[in-house]
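# Architecture at a glance
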Amino acid sequence: MALILAMVNQKGGVGKTTTAVNLTAALTALGKKVLLCDFDPQANATSGMGVDKGKGVTSYDLVINDRKAEEAVVHTEFGDVIPSSPALSGAGVELVGSANREFALSRVLEPVRDSYDLILIDCPPSLELLTLNALCAADGIFVPVQCEYYALEGLSDLMATLRAVKRSLNPTLYLFGVLLTMFDSRTNFSAQVAEEVRRHFPGKVFATAIPRNVRLSEAPSHGLPVRAYDKYSRGAAAYEALAGEIMEKEAF
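Per an unreviewed UniProt entry, the protein carries the name Sporulation initiation inhibitor protein Soj and comes from Candidatus Avoscillospira avicola. Listed under Subunit (unreviewed entry) in UniProt, the entry text for the protein is "Dimerizes in the presence of ATP but not ADP; ATP-binding is required for double-stranded (ds)DNA-binding. Interacts with DnaA." Turning to the protein, the UniProt record has this under Sequence similarities (unreviewed entry): "Belongs to the ParA family."

Below, the structure written as structure tokens:
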């Protein structure tokens, strides 16, 4: 049965989608069965995996039109994808009147759970109903944090949301890990931010930090994970190391 992780941070531009795409590709290359569920209306994880946005059955259809997850899955050489669509931006409003609206995503992912080792959910950069659906579907949350001045800003709100969801909707939800992104080893500042994040989340910060890397930034415009765009880049090496760390942590 798959471990389900929600990739979440309400602050945009922290490397959330980059991590979802490249971790999926890195773990797939190691022989794991990974499904990336794009639950962000921007659909950047979809295009980053080389899949057309908004075509075929999407995550919007799963939660609004009662389509099955198997109908939506697109198989790629980098892992399986449930694509997103800009239509998903209205799903939060459409779900408001539904019974058990927080569990719409959980219901559709459950039937495919036994087919994978890991399911990653790429969430929108906000704490609203779509993200709440991801938190109710997930076993744990995976939090990318950019190594910059306001790194911890907003994370207290995220942790408060996590506690609230645990209390009332998903009692087994836990913090799976915190990933430092856009780390610049040439500066003392990145090291200081990393130290502060580790102090706030003792034992939860991955040893691997994702560096600032041009190849990592360029890869999405080609519809490729970085390992396919430039497998010898520092970005590709970092995600390979992260994949290894997660496999050791979870022993799957």
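## Digging into the side chain of Arg-113
Along the chain, the position of Arg-113 falls in the loop between helix H6 (104-109) and strand S5 (118-122). Assessed through its relative accessible area of 10%, Arg-113 is described here as buried. Contact partners of Arg-113, with chain neighbours within four places excluded, come to Met-1, Ala-2, Ile-4, Ile-119 and Asp-139.

## Details of unusual backbone geometry
One non-glycine residue, Ala-43, lies in positive phi territory at about 60 degrees. Tracing the sequence through the fold places Ala-43 in the loop between strand S2 (34-38) and helix H2 (44-48). The class of Ala-43 is buried, set by a relative accessible area of 0%. In this structure, Met-182 is a non-glycine residue whose phi angle is positive, near 55 degrees. Look at Met-182 and you get partly exposed, because its relative accessible area is 22%.

## Some thoughts on the layout of surface pockets
In this structure, the largest pocket occupies an estimated 540 Å³ of space. For the largest pocket, the lining is made up of 29 residues, of which Gly-15, Lys-16, Thr-17, Thr-18 and Met-182 are closest to its centre. Elements with a minimum of two residues in the lining of the largest pocket: helix H1 (16-29), H2, strand S7 (174-183), strand S8 (205-211) and helix H10 (214-218). Here the element with the most residues in the lining of the largest pocket is H1; it accounts for 6 residues.

## Some remarks on the nonpolar core
Core analysis: the biggest nonpolar cluster contains 53 residues, and Ile-82, Leu-105, Ile-121, Ile-141, Val-143, Val-197 and Phe-201 have the highest contact counts within it. Residues within four places of Ile-121 in sequence aside, it is in contact with Ile-4, Leu-5, Ala-6, Met-7, Cys-37, Phe-39, Leu-105, Leu-109, Ala-134 and Ala-137. In this structure, Ala-26, Val-34, Phe-206 and Ile-210 belong to the second largest nonpolar core, which totals 32 residues.

## Re the UniProt feature "domain: AAA" (unreviewed entry) in the protein
Cross-referencing UniProt, the feature "domain: AAA" (unreviewed entry) maps to residues 4-173 in the present numbering. For residues 4-173, the helix share is 37%, the strand share is 16%, and the end-to-end C-alpha distance is 10 Å.

## Side note on the sheet that holds S2
The sheet built from 8 strands is open, its strands ordered S3-S4-S2-S5-S1-S6-S7-S8 with mixed pairing. Each edge of the sheet is formed by a strand with only one pairing partner; in this case those strands are strand S3 (74-76) and S8. Taking each pair of neighbouring strands and ignoring which way they run, the sheet shows an average axis angle of 25 degrees. Its contacts with the sheet place H1 against strand S1 (3-7), S2, strand S4 (79-82), S5, strand S6 (140-146) and S7, and it is angled at close to 160 degrees to S5. Sheet strands in contact with helix H7 (residues 129-137) are S1, S5 and S6, and its direction is about 155 degrees off that of S1.

## Here we look at the pattern of salt bridges
The full count for this structure, using the stated rule, is 12 salt bridges. Among the ionic pairs, Asp-52 bridges to Lys-55, the shortest N-O distance being 3.6 Å. For Asp-52, a relative accessible area of 47% corresponds to the partly exposed category. For Lys-55, a relative accessible area of 56% corresponds to the exposed category. As a salt-bridge pair, Glu-240 and Arg-227 come within 3.3 Å of each other at their nearest N and O atoms.

## Here's the deal with the pairing of S2
In terms of residue burial, S2 counts as a mostly covered element, since 5 of its 5 residues are buried. Summarising the sheet, S2 and S5 pair through 5 bridges and their orientation is parallel. In the strand pairing of S5, Leu-36 is matched with Leu-120. Across 3 bridges, S2 lies against S4 in parallel orientation. The residue of S4 that forms the bridge with Cys-37 is Ile-82.

Parameters at a glance
- Residues numbered from 1 in each chain as written.
- Predicted model: local features only at pLDDT ≥ 70, side-chain atom pairs only at ≥ 80, totals over all residues.
- Heavy atoms only, no water.
- UniProt positions renumbered as here; feature names shortened; annotations may be inferred.
- Helix = DSSP H or I, 4+ residues; strand = E, 2+ residues; numbered from the N terminus.
- Buried < 20%, exposed > 50% of the residue type's maximum accessible area, 1.4 Å probe, protein only.
- Contact = heavy atoms within 4.5 Å.
- 1 Å grid on protein atoms, 1.4 Å probe; cavity = no way out; pocket = protein on both sides within 12 Å on 5 of 7 lines; lining within 4 Å.
- Points joined across faces, edges and corners; volume = space filled by probe spheres on them.
- Core = buried A, V, L, I, M, F, W, Y, C linked by side-chain atoms within 4.5 Å.
- Pairing = 2+ DSSP bridges.
- Axes fitted to C-alpha atoms, helices over the stretch in contact; angles between N-to-C directions.
- Salt bridge = Lys/Arg side-chain N within 4 Å of Asp/Glu carboxyl O.

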